2 protein chains.
Amino acid sequence: MSGWVKIAGLGPGNEALVTPEVTQALAQATDVVGYIPYVARVAPRAGLTLHASDNRVEIDRSEHALQMAAAGKRVVVVSSGDPGVFAMASAVFEALENGPREWREIDITVLPGITAMLAAAARAGAPLGHDFCTINLSDNLKPWSLIEHRLRLAAQADFAMAFYNPRSKSRPEGFVKTLEILRDECEPERLILFCRAVSRADEAIRITTLAEATPDMVDMQTVVIVGSSRTRVIERDADPIVYTPRFTP
Amino acid sequence: MSGWVKIAGLGPGNEALVTPEVTQALAQATDVVGYIPYVARVAPRAGLTLHASDNRVEIDRSEHALQMAAAGKRVVVVSSGDPGVFAMASAVFEALENGPREWREIDITVLPGITAMLAAAARAGAPLGHDFCTINLSDNLKPWSLIEHRLRLAAQADFAMAFYNPRSKSRPEGFVKTLEILRDECEPERLILFCRAVSRADEAIRITTLAEATPDMVDMQTVVIVGSSRTRVIERDADPIVYTPRFTP
């Protein structure tokens, strides 16, 4: 079997954050599959077929990629950010595990990328500079009770936290509940950052506190970072810097 | 002030994982500072001064970088992986906050990189494909009691986990205690991955279970990933794939 699948992370949006490994994979591909806005980031060229599909068809898209690779194509599955963080890698492996046995002979690799929380943290300073956790706030694929359990234990562990998918049209109330839980577990002065469209032209980073945060500060383009109890702000004439020190007494 | 500081992530070791943004910063720099093995990854050239320093002098190195930038130099502080994840960004901001007031006028940015846990996860499959946490197991800068507290709550939250600095010469017993805590909180079949020198020529990934794990499986080059209760293995003729499904019932 000469085909392959590479599940590649395009980073948060800026082309200067795409690794050379991913650029090279795209140059060798015969086919690219992915969600419409991510496929739109790949330049068309002769010999390359672009297969853009809508959101929420991750398994169909994965099966298509594996079928094409089994037929000898060189397929790149594109994700935003890092494919292993709430993106396409797990979906492709679900399709692989549940698919025909011969798919397990396909040459399949994951090419890491700059995930949104780390791009956002870099723009703000270093709020994830010490122990932290990463939670997908969508309850499409898990019960809300598990999200609440994880939020409470993460706060009690004094992790800094990064949240993906904080709000969608179908779940406007999810982030309202998240703020209630955090206010229940943390002090009102706890720092919270709303990082929108990081590395892109319309980037916006808002630094506030749990007391001042409101649900309308998130949308589907936002990654949220909550500091630990040790996270601090350095005020400057330029944008303030938010960081978590390395030392905990 | 025309100088600047860019705190840049070189990724886990393979040059194909260095972002173009970081490559460009290095091309513009007058000075590079960092830990000896990371500075050794930067090619010498005319007009560039390399300042390599030993481990455990992060604050001295940060102050040196800020002093040079205040004097007009273009300084890149190099980290392995991502500078915001247990690396140089927090150290530079500690030095900035505690330094002379005029340092706050320095143009200072963080350039993200591929952090070790995400490079390791990509090589293994997608073990961090759902909610996870990231813990530095070194007790140089925090009490062991806090590490134990975080490990227990993280296991109770059923996070996948990534551990940095699992073992050092001065703390051979730390990882012994970590395994004891995990065995206390998780089932013996829980998957654990020891990922050494990821993306480099001597890369080695070992997949085992908590029951079979032993402290000698870690060294200072190792990132450890512990699956959640949902993390699975796909067996193949090639290396097995470890992934965490997106769906939790």
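Residue numbers run consecutively from 1 along every chain, following the written order of its sequence. Chain letters and ligand numbers both follow the written order, the letters beginning at A and the numbers at 1. Only residues with pLDDT of 70 or above have their local features reported here, since the model is predicted, and side-chain atom pairs are shown and tallied only from 80 upward, although totals for entire chains, interfaces and linings are computed over all residues.

1. Focus: the overall build of chain A
- Strands are runs of DSSP state E lasting at least 2 residues, helices are runs of H or I lasting at least 4, and numbering of each runs from the N terminus. Within chain A, the secondary structure is distributed over seven helices and 13 strands.
- Along the three orthogonal principal directions, the C-alpha set of chain A runs to about 55 × 40 × 35 Å.
- For chain A, with 249 residues in total, the buried portion stands at 52%.
- We call two residues in contact when their backbone-placed C-beta atoms lie within 7 Å. Taking contacts inside chain A between residues at least 6 apart in sequence as the whole, the part at least 24 apart equals 73%. Our exposure labels follow a C-beta count within 10 Å of each residue's own C-beta, placed from the backbone: buried means 20 or more other C-beta atoms, exposed means 12 or fewer, and partly exposed covers the counts in between.

2. As for the packing of helix α3 (residues 58-70) of chain B against helix α4 (residues 88-98) of chain B
Residue and element names in this part refer to chain B.
- Only the stretch in contact is used when fitting a helix axis, every axis being a line fitted to C-alpha atoms; angles between N-to-C directions are given from 0 to 180 degrees. At a closest axis distance of 8 Å, the pairing of α3 and α4 adopts a crossing angle of 65°. Taken together, α3 and α4 sit at an angle that is classed as roughly perpendicular. When you trace α3 past α4, the crossing you get is right-handed. Along its contact with α3, which presents E58, I59, S62, E63, A65 and L66, the element α4 presents M88, A91, V92, E94, A95 and L96.
- Asp, Glu, Lys and Arg are counted as charged, while Ala, Val, Leu, Ile, Met, Phe, Trp, Tyr, Cys and Pro are counted as nonpolar; the rest, among them Gly, fall into the polar class. Tallied by class, residues from the contact of α3 with α4 come to eight nonpolar, one polar and three charged. Throughout, the term roughly parallel applies to angles under 35 degrees, roughly antiparallel to angles over 145, roughly perpendicular to angles from 65 to 115, and oblique to all others. A clockwise turn of the near helix away from the far one marks a right-handed crossing, whereas an anticlockwise turn of less than a right angle marks a left-handed crossing.

3. A short note on the packing of helix α6 (residues 144-156) of chain A against helix α7 (residues 174-185) of chain A
Residue and element names in this part refer to chain A.
- Two numbers describe how α6 lies on α7: the axes approach to 10 Å, and their chain directions differ by 30°. Judged by the inter-axis angle, α6 sits roughly parallel to α7. Considering the relative orientation of α6 and α7, their crossing is right-handed. Across the interface between the two elements, E148, L151, R152, A155 and Q156 of α6 pack against T178, I181, L182 and E185 of α7.
- Residue composition of the contact of α6 with α7, by class: four nonpolar, two polar and three charged.

4. Section: α6 of chain A
- Here, expected helix span is obtained from the residue count minus one, scaled by 1.5 Å. Taking 1.5 Å per residue, 13 residues should reach 18 Å; α6 of chain A reaches 19 Å between its end C-alpha atoms and fits that length.
- Buried residues of α6 of chain A: I147, R150, L151, L153, A154 and A155 of chain A, and no others.
- Buried-residue contacts for α6 of chain A involve β7 (132-136), β8 (160-164) and α7 of chain A together with α6 (144-156) of chain B.
- Where α6 of chain A terminates, the next one or two residues include D158 of chain A, which has phi positive at roughly 60°.

5. Considering the domain arrangement of chain A
Residues and elements named next belong to chain A.
- In this document the domain limits rely on a domain assignment from an automatic tool or a database. Split into domains, chain A comes out as domain 1 (4-114) and domain 2 (117-243).
- Taking the mean C-alpha position of each, domain 1 and domain 2 sit 28 Å from one another.
- Each partner contributes residues to the interface: domain 1 has seven residues there, and domain 2 has 10 residues.
- For the side of domain 1 that touches domain 2, the residue count by class is five nonpolar, two polar and no charged.

6. Quick look at the relation of the copies chain A and chain B
- What sets the superposition is a least-squares fit of C-alpha atoms, and only residues with pLDDT of at least 70 in both copies go into it. When chain A is fitted to chain B, the best match, at an RMSD of 0.0 Å, comes from turning it 180° and sliding it 0.0 Å along the axis. The superposition of one copy onto the other is thereby described by a two-fold rotation axis. Across chain A, the smallest distance between a C-alpha and the rotation axis is recorded for C133 of chain A, namely 1.9 Å.
- Interface overlap between copies: 100% of the residues of chain A at the interface are likewise at the interface in chain B, consistent with a symmetric, same-surface contact.

7. Brief notes about the sheet that holds strand β4 (residues 74-79) of chain A
Residues and elements named next belong to chain A.
- Strand order across the open sheet formed by five strands is β3-β2-β4-β1-β5, with parallel pairing between neighbours. Every other strand in the sheet has two partners, leaving β3 (49-53) and β5 (107-111) as the edge strands with one partner each. Strand-to-strand, the axes of this sheet are offset by a mean angle of 15°, without reference to chain direction.
- A strand pair is defined by DSSP finding two or more bridges across the two strands. Across six bridges, strand β1 (residues 4-9) lies against β4 in parallel orientation. Considered in β4, the bridge of I7 is made with V77.
- Contacts from helix α4 (residues 88-98) reach β1, β4 and β5 within the one sheet, and its direction differs from that of β1 by about 155°.

8. Some remarks on the nonpolar core
- For this analysis, nonpolar core means a set of buried Ala, Val, Leu, Ile, Met, Phe, Trp, Tyr and Cys residues linked through C-beta atoms within 7 Å. One finds I225 of chain A together with I225 of chain B to be the most contacted residues of the largest nonpolar core, which totals 166 residues.
- Not counting residues within four places of it along the chain, the set of residues in contact with I225 of chain B comprises M117, A120, A121, A124, P127, L128, A160, A162, L193 and C195 of chain B.

9. As for the sheet that holds strand β13 (residues 241-243) of chain A
All names here are of chain A.
- As summarised here, the arrangement of the three strands in space is β6-β13-β12, forming an open sheet in which the pairing is mixed. Only two strands of the sheet have a single partner each, and these edge strands are β6 (125-126) and β12 (232-234).
- The sheet contact formed by β12 and β13 spans three bridges and is antiparallel. Within the sheet, the bridge partner assigned to V233 lies in β13 and is V242.

10. Re the pairing of strand β2 (residues 31-35) of chain A
Residues and elements named next belong to chain A.
- Of all five residues in β2, five are buried, a share of seventy percent or more.
- As paired strands, β2 and β4 are joined by three bridges and run parallel to one another. Counted as the bridge partner of V33 is V77 from β4.

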